[in-house]
Amino acid sequence: MSANIIASVTCIPMRLPFHHWREPPLFAGRPRDKLDSALVRLETQDGTVAWGESYCVEPQALVAVFRELIAPLAIGKPADSSALLPGMQRTLHNLGRSGPVLHALAGLDIALWDLRAKRAAVPLYQLLGGKRRDKLRVYASLLQYYGDESLLAQVTSRALGEGYTEIKLHERTAEALGAVRRAAGPDVPIMVDTNCAWLPDEAGSAIAAMLPHAPFWIEEPIWPPEDEQALAALKSHCQVPLAVGENASSALALQRMAENATVQYVQPSVIKLGLTAALEVSRACRPGGAICAPQVAFFGPGFLASLHLMAAQQTEVTLERLYVELAHVPYGRTVPIENGWIEVPDRPGLGAEPESELAQGKYAS
């Protein structure tokens, strides 16, 4: 028996009920009252278990991708991400260079990093370049779209009262930003994620309307989000920094944006692209150029992987935390957020294991 041979790869849906102090928002045309991602459980022949996380919209579709495509290609192979994943990516590329197949591979990639760090008996950040900071500031990322200025102000005040010192909105109007600015005061950084709200010729005037309320950055300002030429043109005359990357369908394209400083902030999602790709994007950022600020909208092993990456990268950025009330808070006891800060865990691998409720699939449906 070889200790490092993959014995199993399992996808465990993680559907966390949440409340954000108003009626459920619409997501993909349906009311949304659960936040969906999936745990990826990897076990080697000697019984070592490692964890990853994949983005998903329809959990059972991702379960099928793992069962029919990922597991057959991974089981029986050495757990070496540098050898295993490139071959799997090429084998599966005709099934999609984005979407569920890529998200599944991203979760497997995170699990392989967790395994590698556990084998070396070191925290993951050691494999990513070493720890540059012991803790990170966390910002409260409000769920979209409140559509009620008084409620936005109330939720903003609530987050600030819990110790957060930075806020992100998922809104599209100057009026919404103005309501939050009045609630937060002049000195609180407020990021605005528009979720690809505007066509390229619309974005400039919409952003200009927000300028009196001093946004810190405008995130995903245009559709389609990978239009690098349009983003570069917008950056050239926009008075607010731009941030993109959450919806990147190509890790290579996002890496090029980082190298070319097409925008001021690039935001790889480890549960969509994988930790390997996010690390490459981070390393492509040059001093004085683009800054890597990973997008972290979910709560599982991908959250911890992003924490380790941000602890290791040269430029300090703030960690995103979706500001909702969860039925279960992953790692709430082992890696807690306290007064707007989170400490980087020093235990081997990701630094914490999913709680038994999650690992056993209590929140799978």
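Residues numbered from 1 in each chain as written. Predicted model: local features only at pLDDT ≥ 70, side-chain atom pairs only at ≥ 80, totals over all residues. Heavy atoms only, no water.

## Regarding helix α2 (residues 81-92)
The condition is simple: Secondary structure elements are taken from DSSP: a helix is a run of H or I of four residues or more, a strand is a run of E of two residues or more, and numbering for both begins at the N terminus. Helices are assigned an expected span. That span is 1.5 Å times one less than the residue count. For every residue, the accessible area obtained with a 1.4 Å probe (protein chains only) is divided by the maximum for its type, and the residue is called buried under 20%, exposed over 50%, and partly exposed between those limits. The arc in question is formed by the directions pointing from the helix axis toward the C-beta atoms. The criterion used for residue contact is that any of the two residues' heavy atoms lie within 4.5 Å.
Between the first and last C-alpha of α2 there are 16 Å, a value that for 12 residues agrees with the 16 Å anticipated at 1.5 Å per step. Those residues of α2 that fall on the buried side of the exposure criterion are Ser81, Leu84, Leu85, Met88 and Leu92. When α2 is viewed along its axis, its buried side chains cluster within an angular range of 85° and face the same direction. Residues of α2 that are exposed and point more than 90 degrees away from the buried face comprise Ser82, Ala83 and Arg90. On the buried face of α2, the contacting elements are β1 (6-19), α1 (59-74) and α3 (100-120).

## Concerning the nonpolar core
What counts is decided by this rule: Here, nonpolar core refers to any group of buried Ala, Val, Leu, Ile, Met, Phe, Trp, Tyr and Cys residues whose side-chain atoms link them within 4.5 Å.
The biggest cluster of nonpolar side chains holds 104 residues, and the ones touching the most others in it are Leu142, Val266, Leu275 and Leu319. Tallying contributions element by element places helix α12 (residues 301-312) first for this core, with eight residues. Residue contacts for Val266: discarding those within four places in its chain leaves Val244, Leu254, Met257, Ala258, Val281, Cys285, Ala290, Ile291, Cys292, Ala293 and Pro294. Cys56, Val65, Ile70 and Ala111 belong to the second largest nonpolar core, which has 26 residues in total.

## So, the packing of helix α5 (residues 149-161) against helix α6 (residues 174-184)
As a reminder of what qualifies: Orientation is described by lines fitted to C-alpha atoms, with helices fitted over the stretch in contact, and by angles between N-to-C directions that extend from 0 to 180 degrees. Here the angle decides the label: under 35 degrees means roughly parallel, over 145 means roughly antiparallel, 65 to 115 means roughly perpendicular, and every other value means oblique. Note: crossing handedness is left-handed where the near helix turns anticlockwise from the far helix by less than a right angle, and right-handed where it turns clockwise. Residues are sorted three ways: Asp, Glu, Lys and Arg are charged, Ala, Val, Leu, Ile, Met, Phe, Trp, Tyr, Cys and Pro are nonpolar, and all the rest, Gly among them, are polar.
Packing of α5 against α6 leaves a shortest axis separation of 8 Å and a crossing angle of 40°. Considered as vectors, α5 and α6 are oriented oblique to each other. Of the two possible hands of crossing, α5 and α6 adopt the one that is right-handed. Contacts between α5 and α6 pair Glu149, Leu152, Ala153, Thr156, Ser157 and Leu160 from the former with Glu175, Ala176, Ala179, Val180, Arg182, Ala183 and Ala184 from the latter. Partitioned by chemical class, the residues of the contact of α5 with α6 number eight nonpolar, two polar and three charged.

## Here we look at the sheet that holds strand β14 (residues 325-326)
Filter applied, for reference: By definition, two strands form a pair when at least two bridges between them are found by DSSP.
Spatially, four strands are ordered β5-β4-β1-β14 in an open sheet, and the strand pairing comes out antiparallel. Every interior strand has two partners, whereas the edge strands, β5 (49-55) and β14, have only one. Bridge count for β1 against strand β4 (residues 34-44) is 11 bridges, and the pairing is antiparallel. From the neighbouring strand, Leu16 faces β4, where its bridge partner is Leu35.

## Describing the pattern of salt bridges
The condition is simple: Salt bridges are identified by distance alone: a Lys or Arg side-chain nitrogen within 4 Å of an Asp or Glu carboxyl oxygen.
All told, the structure shown has 17 salt bridges when counted by the stated rule. Put simply, Lys118 and Asp114 hold a salt bridge, and the shortest N to O gap is 3.1 Å. With Lys118 and Asp114 both in helix α3 and four residues apart, this pair spans about one turn of that helix. The exposure class of Asp114 is buried, given its relative accessible area of 1%. Within this structure, Asp114, Lys118 and Glu353 form a network of salt bridges that share partners.

## Comments concerning the packing of aromatic side chains
Note the cut-off: Here is the rule: rings of Phe, Tyr and Trp (six-membered ring for Trp) pair when centre to centre is within 6.5 Å. Planes less than 30 degrees apart are stacked, more than 60 are edge-to-face, and the remainder are tilted. Whether a charge sits over a ring depends on NZ of Lys or CZ of Arg being within 6 Å of the ring centre and within 35 degrees of the ring normal.
Taken as a whole, this structure holds six aromatic pairs when the rule is applied. With a centroid separation of 4.7 Å and an interplanar angle of 50°, the aromatic rings of Trp217 and Tyr265 are classed as tilted. Of the two residues, Trp217 is situated in the loop between α7 (200-210) and β9 (218-219) and Tyr265 in strand β11 (residues 265-266); the sequence distance between them amounts to 48 residues. Of the aromatic side chains, those joined through ring pairs into one cluster are Trp21, Tyr164 and Tyr323. Above the ring of Trp341, the side-chain terminus of Lys135 is found at 4.9 Å from the ring centroid. The ring of Phe303 carries Arg321 above its face, with NZ or CZ at 4.8 Å from the centroid.

## So, unusual backbone geometry
Note that the residue after Trp223, namely Pro224, is joined by a cis bond; omega there is -5°. Within the fold, Pro224 resides in the loop between β9 and α8 (228-237). Although it is not a glycine, Asn195 adopts a positive phi angle of roughly 55°. Take Asn195: it is sitting in the loop between β8 (190-193) and α7. By relative accessible area, Asn195 is classed as partly exposed at 22%. For Cys196, which is not a glycine, the phi torsion comes out positive at approximately 60°. In this fold, Cys196 is placed in the loop between β8 and α7.

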